[in-house]
Amino acid sequence: MRPVVVLTREPPRNDVLRQELEDLAQVREVPLTRTSWRARDDVARELAGFVTEEKWGTVVVTSPRSVTYVDLALSLAQVEADLGAVGATTAAALRLSRLDVGHRVLTPVEPTGAELARVLERGPVVILGAEQSRPELARVLDERGLSSLTIPCYRTVSQVLSRRQRRDLHAADVVVIAAPSAWRAAAAEIRHDTMIVAMGDTTADEVRATHDRVVVARGTDLARSVREVLDDLAASSSSDGAQ
């Protein structure tokens, strides 16, 4: 029987990964959270309310979802403002949007807010992120003497799981978790021997607090990371069967 892989992002964000894995596993989707978007007019007004004579020197996006609002910040930024992205996936979303044209895109080697803060050079910094954003990015910027402002653009809302969705999570051999909020929504339904593929170190740390079996996805190649986990599980199963 083929292993069960559960993908947990909200539709249609699982589509590409599902297609890449369907020949290797039974792929099921259990969206654990949904995005509640903030109105663009509200974000624009808040941005404008804080711009004085000194326009933004850097516009930071903390997730691909924040990219939707980058054009609003750039309209109030310095002509050659830098863009900052916490990780490779977010940087790729910026490139896909074409909003990076004419701007440097700065990303840290280690995909965390604190490490991004250490590579930024120009202030003030506007941070476009989730309502529940972590504080490390703004804290390290302050320690470095770069003023910053965090503008919430969206929030993630946990989904109420159906009985079937809970069964799918419990049956999973591998579960892909994209954010700490997703793990909090799923943790009670996950078997102790299920392998978690976490998207990023912050998410992995959240999982490790209550679950031992976790690997961090390789950059933007999420499918490769899941395939490697499936290969390891198949090898382990073959070894157990041979004994």
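Below, the structure is looked at part by part. These numbers were taken from a predicted model, which means no experiment stands behind them.

## What about the layout of surface pockets?
Link 1 in the chain: By volume, the second largest pocket amounts to about 180 Å³.
Link 2 in the chain: Lining the second largest pocket are Pro 3, Asp 173, Arg 191, Asp 193, Leu 233, Ala 234, Ser 236 and Ser 237.
Link 3 in the chain: The residue makeup of the lining of the second largest pocket, split by class, is three nonpolar, two polar and three charged.

## Things to note about the pattern of salt bridges
Link 1 in the chain: For the coordinates displayed, the defined rule picks out 18 salt bridges.
Link 2 in the chain: With a closest N to O distance of 3.2 Å, Arg 18 and Asp 15 form a salt bridge. With Arg 18 and Asp 15 both in helix α1 (residues 15-21), this residue pair falls three residues apart, about one helical turn.
Link 3 in the chain: The class for Asp 15 is partly exposed, based on a relative accessible area of 28%.
Link 4 in the chain: In this structure, the salt-bridge partner of Glu 206 is Arg 184, at a minimum N-O distance of 3.4 Å. On the criterion of sequence distance, the pair formed by Glu 206 in helix α9 (residues 201-208) and Arg 184 in helix α8 (residues 180-186) is long-range, its members being 22 residues apart.
Link 5 in the chain: A relative accessible area of 25% places Glu 206 in the partly exposed class.
Link 6 in the chain: Linked through salt bridges whose partners overlap, the residues forming this network are Asp 15, Arg 18, Glu 22 and Glu 29.

Parameters and conventions
Residues numbered from 1 in each chain as written. Predicted model: local features only at pLDDT ≥ 70, side-chain atom pairs only at ≥ 80, totals over all residues. Heavy atoms only, no water. 1 Å grid on protein atoms, 1.4 Å probe; cavity = no way out; pocket = protein on both sides within 12 Å on 5 of 7 lines; lining within 4 Å. Points joined across faces, edges and corners; volume = space filled by probe spheres on them. Nonpolar A, V, L, I, M, F, W, Y, C, P; charged D, E, K, R; others polar. Salt bridge = Lys/Arg side-chain N within 4 Å of Asp/Glu carboxyl O. Helix = DSSP H or I, 4+ residues; strand = E, 2+ residues; numbered from the N terminus. Buried < 20%, exposed > 50% of the residue type's maximum accessible area, 1.4 Å probe, protein only.

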